[in-house]
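Observations on the three-dimensional arrangement
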Amino acid sequence: MTNYPVEMFKYHTWANQTILGRIKELPPSVLSQEVNSSFPTIAHALSHIYAVDTMWYLVLTGTAMPEAFQQSIPLNLSILDSVDEYVNIFAQLSEQYKAWLHNQSDLEQTILLDNPFAGIRQTRLSEIVLQVANHGTYHRGNVSTMLRQLGHASTMNDYALFWYQVPAEAI
């Protein structure tokens, strides 16, 4: 039986690798070229995705959300100089998530989430994993738009393509 939160995290990892691979094919300056979009540069968008992924990882591993949010702010502000640096930090964080997921016996268990922006609620671990994937999808869409605004084609990284590109057992 497919564990859909785990499958969505696998997709999230694949989609991040896919968009980073496309950016790596382009001139290095594309990372820092300013564009009129949700983020001033593609690097800012990538740093944001990474910071939020890190924040949710901290929450999943027991850090209260207000503290996890505070710890992730510097990551959101840290703009890296090369695509390879982004490839590396995303890969390291993905490995941390994979290890955490491997050790979870019940992703349907709940935690008390104290979201500084929305309040307190019981939240399933699976919901948080799905939020990570959904948030990444949203901002990879921003990156695709930014690439087009800069005169470059993006690359498809839809979940449906993931089905055909990567057999579930291989991830």
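Bear in mind the structure is a predicted one, so any value in this text is a computation, not a measurement.

**Notes on the overall build of the protein**
Looking only at helices and strands, one finds 6 helices and 2 strands in the protein. Ordered by position from N to C terminus, the α and β elements of the protein give α-α-α-α-β-β-α-α. C-alpha atoms of the protein, sized along the principal axes, occupy 45 × 35 × 25 Å. With 171 residues in all, the protein has 46% of them scored as buried. Within the protein, contacts between residues at least 6 apart in sequence are counted, and of these 70% link residues at least 24 apart. Approximately 9,100 Å² of the protein is accessible, and the part contributed by carbon and sulfur atoms is 53%. With 8 positive and 15 negative side-chain charges, the protein shows a separation of 6 Å between the mean positions of the two kinds.

**Digging into the pairing of strand E1 (residues 110-115)**
In the sheet, E1 pairs with strand E2 (residues 119-124) via 6 bridges, with the strands oriented antiparallel. Within E2, the residue paired with Asn115 across the bridge is Gly119. Hairpin geometry of E1 and E2 is characterised by an intervening segment of 3 residues between the two adjacent antiparallel strands.

**Here's the deal with the nonpolar core**
Formed by 44 residues in total, the largest nonpolar core has its most connected members in Ile23, Ile42, Leu46, Trp56 and Tyr86. Elements supplying a minimum of two residues to this core: helix H1 (4-24), helix H2 (42-60), helix H3 (65-77), helix H4 (83-102) and helix H5 (125-149). Examining the composition of this core, we find that 13 residues originate from one element, H2, more than from any other. Setting aside its immediate chain neighbours within four residues, Trp56 contacts Met65, Tyr97, Leu113, Ile128, Gln131 and Val132. Residues Tyr11, Trp14, Ala15 and Phe162 belong to the second largest nonpolar core, which totals 6 residues.

**Some remarks on the pattern of salt bridges**
Evaluation of the coordinates by the stated rule reveals 5 salt bridges. The salt bridge involving Glu108 is made with Arg124; its shortest N-O contact spans 2.8 Å. Of this pair, Glu108 sits in the loop between H4 and E1 while Arg124 sits in strand E2, placing them 16 residues apart in sequence. Here Arg124 falls in the partly exposed class, since its relative accessible area comes to 34%. Salt-bridge contacts for Glu127 lead to Arg121; the nearest nitrogen and oxygen are separated by 3.7 Å.

**Concerning H4**
Helix length check: H4 (20 residues) gives 28 Å between terminal C-alpha atoms against 28 Å at 1.5 Å per residue, within 8%. On the buried face of H4, the contacting elements are H1, H2 and H5.

**Looking at the side chain of Asn115**
In this fold, Asn115 is placed in strand E1. A distance of 2.8 Å separates a polar side-chain atom of Asn115 from the backbone nitrogen of Phe117.

**A short note on H1**
In this model H1 runs 30 Å from its N-terminal to its C-terminal C-alpha over 21 residues, within 8% of the 30 Å that 1.5 Å per residue would give. Summarising burial for H1: 16 of the 21 residues are buried, a large majority.

**Details of the packing of aromatic side chains**
Following the criterion strictly, the structure yields 10 aromatic pairs and no others. Centre to centre, the rings of Phe9 and Tyr97 are 4.6 Å apart; their planes meet at 25°, and the pair counts as stacked. In this pair, Phe9 sits in helix H1 while Tyr97 sits in helix H4, placing the two residues 88 residues apart along the sequence. Here Phe9 and Tyr97 have matching classes, each one buried. By way of ring pairs, the aromatic residues Tyr11, Trp14, Tyr159, Phe162 and Trp163 are connected into one cluster.

Conventions used here
Residues numbered from 1 in each chain as written. Predicted model: local features only at pLDDT ≥ 70, side-chain atom pairs only at ≥ 80, totals over all residues. Heavy atoms only, no water. Helix = DSSP H or I, 4+ residues; strand = E, 2+ residues; numbered from the N terminus. Buried < 20%, exposed > 50% of the residue type's maximum accessible area, 1.4 Å probe, protein only. Contact = heavy atoms within 4.5 Å. Areas by Shrake-Rupley, 256 points an atom, 1.4 Å probe, with all protein chains shown as cover. Lys, Arg positive; Asp, Glu negative; His and termini not counted. Charge placed at Lys NZ, Arg CZ, Asp CG, Glu CD. Pairing = 2+ DSSP bridges. Core = buried A, V, L, I, M, F, W, Y, C linked by side-chain atoms within 4.5 Å. Salt bridge = Lys/Arg side-chain N within 4 Å of Asp/Glu carboxyl O. Expected span 1.5 Å × (residues − 1). Polar contact = N/O pair within 3.5 Å; in protein donor to acceptor, adjacent residues only side chain to side chain. Phe/Tyr/Trp six-rings, centres within 6.5 Å; stacked < 30°, edge-to-face > 60°.

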